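Residue-level structure breakdown
What follows is each chain in one-letter form.
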Amino acid sequence: MVTAAATASKTRRPATGAAAPADAVLAWYDRHRRALPWRARPGERPDPYRVWLSEIMLQQTTVTAVRPYFERFLTRFATVEELAAAPAEAVMQAWAGLGYYSRARNLHACARAVAARPGGRFPEDEAELLALPGIGPYTAAAIAAIAFNRVAAPVDGNVERVITRFYAIEEALPAAKPAIRARTAALVPPPRPGDFAQAMMDLGATICTPKRPACALCPLTGPCAARRSGLQETFPRKAPKREGALRHGAAFVCVRADGAVLLRTRPPRGLLGGMAEVPGSDWTSSPNPAAWAAAPLAARWRRLPGIVRHVFTHFPLELAVARAEVAQGTPVPAGCRWAPAASLGGEALPNLMRKVLAHAGVEVRPVDG
DNA sequence: CAATCGTGGGC
DNA sequence: TGCCCAAGATT
């Protein structure tokens, strides 16, 4: 190592130059890369559809959570063309439970945009990728690098952690993002941008972890600035975040004689946009007795004991639940529909609503894919 | 820039 | 248990 660095310094590359960390990371990656369903094996050409689909699903979502959804999507929508041709409801249903539902809507729009392109192929250029729905700075760089081996530097949470530690960047997130991006871009090895991007993510996910990083196993442990001072766990610095206030509401589970349940579809934008829900009140900052007036129809409502708690990213929610049984001929309230018991599993029900139904004793059987 | 937008898992 | 976090994008 020392010899190589010394030699390099005489060929106009300083010993502490840009290539050294990338070489170390790539050598580590060649031995320790994770095998993932969407990742090409060494020597294989990556499939842009798989890369894109996985990158969208992995936004703010763990590998463990994504894996089954990714497999299911590939089965149901084997190509971009198939995904583009599918009805929106099918896409939302396949996404239900994964969270951040605007991703599903943008995924569908992006598939249609790509399918409409010449040859139905993804653009290879980072700037063109960035223009597609649901593809932001990170994902554009990730697809360009991983699917097409373009020189690009995707910066996700893993990379932010590795880089802020390696350079001991004191500036707090999110203000430090431009500096982190510049530092990362300067490290990208032109021959292997895709491997470098994935290597940095693997490093952050398995070695340079948020808590108790395994510095002894890290290929960058020597030159890592944070490690030298023993402060690795204190990076990245983060601006304090404020927590959302508790909200309250009421939900109404209305079961028809044949077991059908009264549902409606939420507005396409905003929280749980486009997803199915049981009728309910607004969610307010204090418990509101008037919430019970939001019942979708007149019936013998029984308030169920207990409460459904749910935590969104920016606020916690407590939902009181009422249940009623109604006759077979009960008319459908405006904006609602009867969902047959057997097809509840085929509804785009977010987990909050699955909790509510479970609380009310309604079973949601998974419908075969 | 700051808010909004889900869910599950780990410690 | 409560808090932090996870391959961010959009407005």
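Within every chain, residues take consecutive numbers counted from 1 along the sequence as written. The naming scheme follows written order: chains are lettered A onward, ligands numbered 1 onward. Where totals are concerned, whole chains, interfaces and linings use all residues; where local detail is concerned, this predicted model gives features only for residues with pLDDT of at least 70, and gives and counts side-chain atom pairs only at 80 or more. Where side-chain values are given, they derive from all heavy atoms of the structure, hydrogens and water being excluded.

Selection rule: UniProt positions are given in the numbering used here, feature names are shortened, and annotations may be inferred rather than shown by experiment.
Chain A carries the name Adenine DNA glycosylase in an unreviewed UniProt entry, which gives Chelatococcus reniformis as its organism. UniProt, in the comment section headed Function (unreviewed entry), describes chain A in these words: "Adenine glycosylase active on G-A mispairs. MutY also corrects error-prone DNA synthesis past GO lesions which are due to the oxidatively damaged form of guanine: 7,8-dihydro-8-oxoguanine (8-oxo-dGTP)." In the Catalytic activity (unreviewed entry) part of its UniProt record, chain A is described as follows: "Hydrolyzes free adenine bases from 7,8-dihydro-8-oxoguanine:adenine mismatched double-stranded DNA, leaving an apurinic site."

What about the overall build of chain A?
Let me state the cut-off plainly: Every helix listed is a DSSP run of H or I at least four residues long, and every strand listed is a run of E at least two residues long, numbered separately from the N terminus. Each residue is assigned to one of three classes by its accessible area relative to the maximum for its type, calculated with a 1.4 Å probe on protein chains only: buried under 20%, partly exposed between the two thresholds, exposed over 50%. In what follows, a contact means two residues having at least one pair of non-hydrogen atoms within 4.5 Å. The Shrake-Rupley method, run with a 1.4 Å probe, gives the accessible areas here. Residue values count only the displayed protein chains as cover. This count recognises Lys and Arg as positive and Asp and Glu as negative, with His and chain-terminal groups excluded. A charge is said to be at NZ when it belongs to Lys, at CZ for Arg, at CG for Asp and at CD for Glu.
When helices and strands are counted, chain A shows 14 helices and seven strands. Expressed as lengths along the three principal axes of its C-alpha atoms, the size of chain A is roughly 85 × 50 × 30 Å. Across the 369 residues in chain A, those meeting the buried criterion constitute 46%. Of the contacts made within chain A by residues no fewer than 6 positions apart, 66% connect residues no fewer than 24 positions apart. Carbon and sulfur atoms provide 55% of the accessible area of chain A, an area that totals close to 18800 Å². Taken as two groups, the 47 positive and 29 negative side-chain charges of chain A have centres that lie 5 Å from each other.

Overview of the packing of helix α3 (residues 48-57) against helix α9 (residues 137-148)
Selection criterion: Fitting a line to C-alpha atoms yields each axis, with helices limited to the stretch in contact; the angle taken between N-to-C directions then spans 0 to 180 degrees. The labels follow the angle: roughly parallel below 35 degrees, roughly antiparallel above 145, roughly perpendicular from 65 to 115, and oblique for the rest. Helix crossings are classified by the rotation of the near helix relative to the far one: an anticlockwise turn of less than a right angle makes the crossing left-handed, while a clockwise turn makes it right-handed. By the convention adopted, Pro, Cys, Tyr, Trp, Phe, Met, Ile, Leu, Val and Ala count as nonpolar, Lys, Arg, Asp and Glu as charged, and the other residues, Gly among them, as polar.
Closest axis-to-axis distance for the α3/α9 pair is 10 Å, and the angle between their directions is 150 degrees. The orientation of α3 relative to α9 falls into the category roughly antiparallel. Considering how the two elements wind past one another, α3 and α9 form a crossing that is right-handed. Counting all contacts with α3, which are made through P48, V51, W52, E55 and I56, the residues of α9 involved are Y138, T139, A142, I143, I146, A147 and F148. Looking at the contact of α3 with α9 residue by residue, the class counts come to ten nonpolar, one polar and one charged.

Side note on the protein's contact with DNA strand C
Note the cut-off: If even one non-hydrogen atom of a residue comes within 4 Å of a molecule or strand, that residue is called near it. In protein, a polar contact requires one atom able to donate a hydrogen and another able to accept it; more generally it is a pair of N or O atoms within 3.5 Å, and residues adjacent in sequence count only if both atoms are side-chain atoms.
Neighbouring residues of DNA strand C: 25 residues in total, closest E55, G134, D156, N158 and R161. One nitrogen or oxygen atom from the side chain of N158 is found 2.3 Å from a phosphate oxygen belonging to DNA strand C. Elements that contribute at least two residues to the surface near DNA strand C include exactly α9 and α10 (157-166). Looking at the surface near DNA strand C, its residues break down into nine nonpolar, nine polar and seven charged.

A closer look at the UniProt feature "domain: HhH-GPD" (unreviewed entry) in chain A
Feature annotation in UniProt assigns "domain: HhH-GPD" (unreviewed entry) to the following positions: residues 57-206. Regarding residues 57-206, the helix share stands at 62% and the strand share at 0%, and the terminal C-alpha atoms are separated by 19 Å.

Description of the protein's contact with DNA strand B
Neighbouring DNA strand B are 19 residues, the closest being L272, H310, V311, T313 and N351. Each atom of DNA strand B within 4 Å of the protein was assigned to sugar, phosphate or base; sugar and phosphate come to 60%. A distance of 2.9 Å separates a base nitrogen of DNA strand B from a polar backbone atom of Q60. Counting only elements with at least two residues in the surface near DNA strand B, the list comes to β5 (308-311) and α14 (351-359).

Examining the side chain of Q232
The topology assignment puts Q232 in the loop between α13 (225-229) and β1 (247-256). The contact partners of Q232, leaving out residues within four places of it in the chain, are R165, P213, C215, A226 and R227.

A closer look at the nonpolar core
Put simply, the rule is: Put simply, a nonpolar core is a bunch of buried Ala, Val, Leu, Ile, Met, Phe, Trp, Tyr and Cys residues held in one set by side-chain atoms that sit within 4.5 Å of each other.
One finds W52, F73 and L352 to be the most contacted residues of the largest nonpolar core, which totals 104 residues. With ten residues, the single largest contributor to this core is α9. Listed in part, the seven residues of the second largest apolar core include C254, L297, V326 and C336.

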